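# Close look at the chain arrangement
This is what each chain is made of:
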Amino acid sequence: MRKTLLATLLASTLPLGSALADDHAIKVGTVAGPETQVMEVAAEIAEREYGLEVEIIEFTDYVTPNAALADGSLDANAYQHEPYMRSMVEDRGYDFAVAGYTFVYPIGAYSEKYDSIEALPDGATIALPNDPSNEGRALILMHNLGLIELADPENLEATPLDIVENPRDFEFREIEAAQLPRVLPDVDLAFINNTFAQPAGLTLDDALIKEGPESPYVNLIAVRAGDEEREAIQQLVKAYQTDAVEAKAEELFGAQAVPGWK
């Protein structure tokens with residue numbers, strides 16, 4: 001297994017169709033951090049069990065891995081949940097499909113200033129991930145707790161513009177997901193995906209609001225449509241959905257990674 005660290009700007013310069021098209025080697029995109037470490041275990045299993053070489057390409061944002069998959073620079077990526085993928089398909093015209101499921105990584109709301117939601121003052125500044133669906137994910141949690149009222153609580157892509165009642169006059173700041181741990185000291189509350197919370201030393205035990213295991217936001221292995229049954233892709237999925245990968249996720253995330261294939 002080879003591992004390449006790829007910054008966001010460099011990723012956009014990968015040549016069209018550079019991903020390997022045979023069934024003995026594939027390129028898989030992940031977001032830098034512990035999820036990459038989980039994929040490394042799957043890659044080792046894929047090589048040992050199937051003779052499949054998996055090159056992991058790390059990214060630092062949520063947008064570029066899908067662009068790289070669409071233009072053929074990757075064979076698959078494993079970092080997003082299905083609502084996010086569907087929103088990207090609708091917005092950008094990508095032709096993607098789900099090859100398999102990985103884990104649910106619950107989102108949480110964290111504060112360095114307050115130890116409970118009840119202590120949160122009126123007019124508090126709340127930071128939200130600015131990517132499609134994860135922003136709605138956070139707002140739906142707030143709606144379900146009665147902190148705000150959304151026009152349509154079933155709208156997975158809700159934004160602050162969809163808030164019809166804000167009785168405590170919360171102020172919302174939309175921030176790139178990877179930057180949320182950095183802005184946490186400057187706001188009263190921040191919703192942070194576990195992808196970025198865990199490397200920042202945050203756990204769901206610290207969260208003032210947390211998503212439960214019933215979350216529909218299970219992460220997945222995405223491929224270009226038509227590649228779902230490709231032998232190398234199915235070998236990667238089988239290698240990922242194993243006890244060893246689950247054990248690695250538990251080591252890194254504890255109870256904060258719930259297998260989505262069971």
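Preceding this section is the structure that the text describes.
A brief structural summary.

Conventions adopted
- Every chain is numbered on its own, with residues counted from 1 as its sequence reads.
- At least 70 in pLDDT is required for a residue's local features to be given in this predicted model, at least 80 for side-chain atom pairs to be given and counted, and no such filter applies to totals for whole chains, interfaces and linings, which use all residues.
- Just so you know, side-chain values use all the structure's heavy atoms and leave hydrogens and water out.
- Segments assigned H or I by DSSP are reported as helices when at least four residues long, segments assigned E as strands when at least two residues long, and all are numbered from the N terminus.
- For the exposure calls, accessible area comes from a 1.4 Å probe over protein chains only, and a residue counts as buried if that area is under 20% of its type's maximum, exposed if over 50%, partly exposed in between.
- Residues are treated as being in contact if the distance between any of their heavy atoms lies within 4.5 Å.
- Throughout, the Shrake-Rupley method with a 1.4 Å probe supplies accessible areas, and for residues the shown protein chains are the sole cover considered.
- A positive count includes Lys and Arg, and a negative count includes Asp and Glu. His and the chain ends are not counted in either.
- A charged residue contributes its charge at one atom only: NZ of Lys, CZ of Arg, CG of Asp or CD of Glu.
- Two rings from Phe, Tyr or Trp (for Trp, the six-membered ring) form a pair when their centres are within 6.5 Å of each other. A pair whose planes differ by under 30 degrees is stacked, one over 60 is edge-to-face, and the rest are tilted.
- A pairing counts as a salt bridge when a side-chain nitrogen of Lys or Arg comes within 4 Å of a carboxyl oxygen of Asp or Glu.
- Any two strands with at least two DSSP bridges between them are considered paired.
- The angle between two axes is taken between their N-to-C directions and runs from 0 to 180 degrees, where each axis is a line fitted to C-alpha atoms and a helix contributes only its stretch in contact.
- Here a crossing is called left-handed whenever its near helix is offset anticlockwise from the far helix by less than a right angle, and right-handed whenever the offset is clockwise.
- Gly is put with the polar residues, along with every residue not named as nonpolar or charged; the nonpolar set is Ala, Val, Leu, Ile, Met, Phe, Trp, Tyr, Cys and Pro, and the charged set is Asp, Glu, Lys and Arg.

### Some details on the overall build of the chain
When its secondary structure is counted, the chain shows nine helices and 14 strands. Overall, the chain is about 55 × 35 × 30 Å in size when its C-alpha atoms are taken along their principal axes. Taken over 262 residues, the chain has a buried fraction of 55%. Excluding contacts between residues fewer than 6 apart, the proportion of contacts in the chain whose partners are at least 24 apart in sequence is 76%. As presented, the chain carries roughly 11,100 Å² of accessible surface, and 47% of it is formed by carbon and sulfur atoms. Charge separation in the chain, taken as the distance between the mean sites of 17 positive and 47 negative side-chain charges, equals 6 Å.

### Remarks on the packing of aromatic side chains
In this structure the tally under the stated criterion is ten aromatic pairs. Centroid distance Y62 to F196: 5.5 Å. Interplanar angle 35°. Geometry classified as tilted. One end of the pair, Y62, is in the loop between strand 3 (53-59) and helix 3 (64-70); the other, F196, is in helix 7 (residues 194-197), and 134 residues separate them in sequence. Residues Y62 and F196 agree in their burial class; the two are buried. Here the aromatic rings of Y94 and F96 are separated by 4.9 Å at their centres, their planes lie at 20°, and the arrangement is stacked. For the pair Y94 and F96, a shared accessibility class is recorded, and that class is buried. Among the aromatic residues, ring-to-ring pairing joins F103, Y105, Y240, F253 and W261 into one connected group.

### Some details on the environment of I117
Note on placement: I117 falls in the loop between strand 6 (108-110) and strand 7 (125-129). Linking I117 and I209, residues 92 residues apart in sequence, is a C-alpha distance of 7.7 Å. Leave out the neighbours within four places in its chain, and I117 touches L147, R168, L189, L208 and I209.

### Some words on the pattern of salt bridges
With the rule as written, the count across this model stands at nine salt bridges. Between R48 and E49 there is a salt bridge; the shortest N-O distance is 3.8 Å. The residues R48 and E49 share a single accessibility class, namely exposed. Ionic pairing is found between D227 and R224, a salt bridge with its closest N-O pair at 3.8 Å.

### Notes on the sheet that holds strand 6
The five strands lie next to each other as 10-7-11-6-12, forming an open sheet whose pairing is mixed. Looking at which strands have only one partner, the edges of the open sheet turn out to be strand 10 (171-175) and strand 12 (209-210). Of the strand pairs in this sheet, strand 7 and strand 10 are connected by five bridges, and their pairing is parallel. Its bridge partner being in strand 10, P129 is matched across the sheet by I175. Relative to the sheet, helix 5 (residues 134-144) contacts strand 7, strand 10, strand 11 (189-192) and strand 12, its axis offset from that of strand 7 by approximately 135°.

### A closer look at the side chain of N66
If you trace the backbone, N66 turns up in helix 3. A relative accessible area of 0% places N66 in the buried class. Excluding residues within four positions of it along the chain, N66 makes contact with N77, Y79, Q80, Y84, M88, Y94 and F96.

### Section: the packing of helix 2 (residues 34-50) against helix 8 (residues 231-240)
Across the interface, helix 2 lies against helix 8 with an axial gap of 8 Å and an inter-helix angle of 120°. Note that helix 2 runs across helix 8; the crossing there is right-handed. For the pair helix 2 and helix 8, the contacting residues are V38, M39, A42, I45, A46 and Y50 in the first and Q235, L236, K238, A239 and Y240 in the second. When the residues that make up the contact of helix 2 with helix 8 are grouped by side-chain class, the tally is nine nonpolar, one polar and one charged.

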